[in-house]
Amino acid sequence: MRSDSTVRRWLLEVIGLLAARAPRLGRALKKIARKGGVVVLLDGTLVRTRRRAGNENRPNYSGKHKAHGLLFLALTDERGNLVWISAARPGRSSEITTARHNRITTRLREAGLGALADLGFVGLDDDPDDPVIVTGRRATRGHPLTDAQKEANRLVSRERAANEHGFADLKNWRILTKVRMNARHATTLLRALLVLTNAEVHR
């Protein structure tokens, strides 16, 4: 009879092998481009973690979500199928900073693709003359949105709705309710679940 420690080591090894099969950003985008894709959907999500006391836990508190967790970015295709997931970042990290850390705009240009994203990514694109990130417009004090801008925002939101299905498929895994604070382990787990989710979706 196997001991608990042996089973745990075996399980971690399986998770590691699955995670190794998860596509990296550049390859995922080039694969979509080869299939004739034009655009991907970009979004971030907070995977909630168990709260722990102490100063080390403070970076994991997300003021946006009012909860402790780890931030992940993900890309889906136009149908909402997950194609890539980033490494975990502390919950207080911003989506736009995480996107810059992963050089998403550079990778999109290399693959010849564009991306639709929410208002949290406004300002991400570093080349306004040749944008690859479409986010809609944000109203400012004294400058309300015009009817045309509001309609453009609705169109972007409508096209982006598919990526919620990708996140929903990923978060259906109950094991995510047991995620701890270790970002490296969480990244391995999420990438393994990405592989399993895609296998289930395309079965």
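Residues numbered from 1 in each chain as written. Predicted model: local features only at pLDDT ≥ 70, side-chain atom pairs only at ≥ 80, totals over all residues. Heavy atoms only, no water.

Q: Requested: an account of helix H2 (residues 25-34), with residues and values cited.
A: Structural remark: α-helix, 3.6 residues per turn; residues separated by three or four positions point the same way. Those residues of H2 lying buried are Leu25, Ala28, Leu29 and Ile32. The arc enclosing the buried residues of H2, seen along the axis, measures out at 95°, which places them on a common side. Residues of H2 that are exposed and point over 90 degrees away from its buried face: Arg27 and Arg34. Looking one or two residues beyond H2, the residue adopting positive phi is glycine 36, at roughly 90°. (Buried < 20%, exposed > 50% of the residue type's maximum accessible area, 1.4 Å probe, protein only. Helix = DSSP H or I, 4+ residues; strand = E, 2+ residues; numbered from the N terminus. Arc of directions from axis to C-beta.)

Q: Could you give me a rundown of helix H4 (residues 104-111), with the residues and numbers involved?
A: Turning to H4, its buried residues number three or more, namely Ile104, Thr105, Leu108 and Ala111. End-on, the buried residues of H4 take up no more than an arc of 130°, which puts them together on one face. After H4 finishes, the residue glycine 112 shows a positive phi value of roughly 75°.

Q: I'd like a description of unusual backbone geometry, backed by residues and values.
A: With phi around 55°, arginine 103 is a residue other than glycine that occupies positive phi space. You can see arginine 103 is positioned in the loop between helix H3 (95-101) and H4. Since its relative accessible area comes to 40%, arginine 103 is described here as partly exposed.

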